[in-house]
Structures are given as C-alpha cells and as structure tokens.
Amino acid sequence: MRMRLKKHLNERFENVSKYIAAKEDKSFYSERSSVVLSPFDIFNNNNPTSLEIGCGKGAFAFNYAQLHPNINLIAVDMISNVIIDAVEMVADEGLINVKFMVIAAENLLAHLEEHTISEIILNFPCPYKKNSYSNARLTHPRFLEIYKKLLLPQGKIILTTDKDNFFEFSVNRLREEGFFITELTTDLPRNEKLETEYEKNFRDMGIPIKRVVAYFDGLSTSKQ
Ligand SMILES: C[S@@+](CC[C@H](N)C(=O)[O-])C[C@H]1O[C@@H](n2cnc3c(N)ncnc32)[C@H](O)[C@@H]1O
C-alpha cells in the first residue's frame with residue numbers, strides 16, 4: 001500500500017531545517033554528492049554520540065534526549081513522511097542534543113564520519129522475511145559492516161524487537177560478525193519513559209520484548 005504524502009512536507013522541513021543534519025534527495029542518488037559530518041560538526045561539542053536507526057515518529061528520540069542531556073543523539077529514518085513528526089516534536093521542545101538524518105541506513109558512511117559513535121540503537125526494525133528480503137534487515141551483515149566502521153572501539157549496538165525469528169537471526173549475525181554479546185533477554189521489563197510507538201503496541205498485545213546488547217572491540221574480524 002502506498003503511503004499518502006503529508007501536505008506541505010517541503011515547507012515543514014524548511015521550518016525545522018536547523019534540526020536536519022542530512023537529507024537525501026534525488027541529487028544524492030544522481031550525483032552521489034554528500035558531506036561527511038562528524039558529531040562535532042553537528043552538535044559543536046565533544047559529548048558522546050548515539051545513533052538511532054529507524055527512529056519512526058520519534059517517541060524514543062524525544063524521551064532519550066531529555067533523559068540524557070549530555071549525550072548527543074542522531075536519529076535516522078529514510079521515510080520523510082514519517083520522520084517529519086519526530087523532527088517537529090523535538091523542534092517544538094527546543095531540544096539541542098538531537099538532530100536528524102533523513103537518509104537510508106545503507107548510505108550512513110556517505111554522511112557520518114567513521115569511528116565517532118558510542119552506541120547504535122535499533123528499536124523494532126522492520127523484520128522483513130528471512131528468505132526474500134533478509135538483506136534489508138538492519139542486522140544483516142552488510143549493515144553490521146557499516147556499524148563497525150561508525151562505532152568507536154568498544155562501541156555497542158542495542159537491538160530491541162518483538163520478533164523471535166528476527167531476534168535469533170540478529171544474535172547469530174552479531175556473533176558471526178565479531179561482536180561480543182553482553183546482555184541478552186527475551187522478556188525485557190517495561191520502561192515507559194523510553195517506550196517507542198511500536199513497543200507500546202506490542203506490549204499492549206502481551207508480546208514479550210527481546211533485547212540484545214553487543215559491543216565491537218574495534219579489532220576482531222573472525223567469527224566467535
Ligand atoms: C517498524 S518501524 C519502527 C519505528 C520505531 N523505531 C518504533 O519502534 O516505533 C521501522 C522504521 O525503520 C525505518 N527503516 C527501515 N529500513 C531503513 C533503512 N534502511 N534506513 C533508514 N530507515 C529505515 C522505517 O522507515 C520505519 O520508520
């Protein structure tokens with residue numbers, strides 16, 4: 001089903017442009033022109049920087065930024081029609097420690113300097129069917145290779161999901177790609193302060209939430 005485009009989308013993005021660190025348009029794809037930014041370029045400070053990929057409507061980014069005023073957060077989503085709600089919510093509140101990239105995660109290295117990110121947060125990524133679209137999964141090895149380049153040594157990935165198959169796939173891929181698992185739970189306690197839109201729906205349906213935390217030491221390449 002095609003999503004109906006929100007009205008005045010361009011104008012709305014213009015009004016919140018200071019919150020947008022990168023936005024891919026047709027010229028990005030035709031000319032492959034982009035600027036690689038460091039967190040310092042974006043936030044003008046040396047605070048640790050987290051990266052949320054697939055932020056959707058932004059409930060997590062909004063709450064995380066307020067709970068952690070000394071951490072920068074770059075929130076990414078490829079659907080401008082969805083992320084605009086997140087950007088406007090943050091702009092209305094005047095939060096200064098969160099900025100957005102309206103880009104596909106596949107292109108992160110074209111926008112963000114390598115080895116600058118402390119943690120990568122994946123909240124309820126699209127599970128995509130394993131056989132047909134597994135390479136679109138945000139924990140497919142092609143994405144894990146990108147994350148390794150973005151993370152600082154000892155930087156971590158925090159993945160939260162409701163889907164058993166996707167969780168198993170992700171834990172296996174993390175191990176195979178040289179990440180070290182430090183936390184693994186199949187029934188994460190509720191934390192309403194940091195609940196995402198999808199999480200709330202799944203919890204309300206009684207579905208247990210799974211989480212894995214893994215770090216990359218910046219060295220290992222072999223399978224664990
Ligand atoms: C299932 S939604 C979850 C949204 C939010 N994290 C939550 O928990 O409520 C997944 C989001 O990931 C985004 N997404 C999926 N693949 C992506 C990619 N390759 N690059 C950037 N965003 C992506 C989608 O546009 C969508 O907004």
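Summary of the structure given here. (Residues numbered from 1 in each chain as written. Predicted model: local features only at pLDDT ≥ 70, side-chain atom pairs only at ≥ 80, totals over all residues.)

Quick word on the overall build of the protein chain
- Across its full length, the protein chain carries nine helices and eight strands.
- Taking 2.2 N^0.38 as the reference for a compact globule, 224 residues should give roughly 17 Å; the C-alpha atoms of the protein chain span a radius of gyration of 17 Å, in line with that estimate.
- Counting only C-alpha atoms and orienting by the principal axes, one finds that the protein chain spans roughly 45 × 40 × 40 Å.
- For the protein chain, the residues scored as buried account for 35% of the 224 residues in total.
- Summarising the internal contacts of the protein chain: among those between residues at least 6 apart in sequence, 77% fall at separations of at least 24. (Helix = DSSP H or I, 4+ residues; strand = E, 2+ residues; numbered from the N terminus. Rg over C-alpha atoms; globule rule 2.2 N^0.38 Å. Buried ≥ 20, exposed ≤ 12 C-beta atoms within 10 Å, placed from the backbone. Contact = placed C-beta atoms within 7 Å.)

Details of the pairing of strand E7 (residues 180-185)
- Among the six residues in E7, zero count as buried, and that is only a small part of the element.
- For E7 and strand E8 (residues 210-216), the ladder comprises five bridges, and the chain directions are antiparallel. Across the sheet, the residue bridging to Glu183 is Val213, located in E8. (Pairing = 2+ DSSP bridges.)

A few points about the pairing of strand E6 (residues 151-161)
- Pairing of strand E5 (residues 117-123) with E6, which is carried by six bridges, proceeds in the parallel orientation. Its bridge partner lying in E6, Asn123 is registered against Thr160.
- Pairing of E6 with E8 involves seven bridges; the strand directions are antiparallel. Bridging across to E8, Ile158 finds its partner in Val213.

A few points about the packing of helix H4 (residues 59-67) against helix H5 (residues 80-93)
- Where H4 meets H5, the axes come as close as 9 Å, and the angle between the chain directions of the two elements is 30°. Taken together, the axes of H4 and H5 are roughly parallel relative to one another. Crossing of H4 against H5: the hand is right-handed. When H4 is examined against H5, the residues Ala61, Phe62 and Ala65 are found in contact with a partner set consisting of Ala86, Met89 and Val90. (Axes fitted to C-alpha atoms, helices over the stretch in contact; angles between N-to-C directions. Parallel < 35°, antiparallel > 145°, perpendicular 65-115°, else oblique. Left-handed = near helix turned anticlockwise from the far one by under 90°.)

Considering the site of the ligand
- Not every one of the 20 residues close to the ligand is listed here, only the nearest: Gly54, Gly56, Ala105, Phe124 and Thr196.
- Tallying contributions element by element places helix H9 (residues 197-204) first for the shell around the ligand, with three residues.
- For the shell around the ligand, the residue count by class is 12 nonpolar, four polar and four charged. (Near = placed C-beta within 6 Å. Nonpolar A, V, L, I, M, F, W, Y, C, P; charged D, E, K, R; others polar.)

Fair warning: the whole summary comes from geometry, so function is off the table for now.
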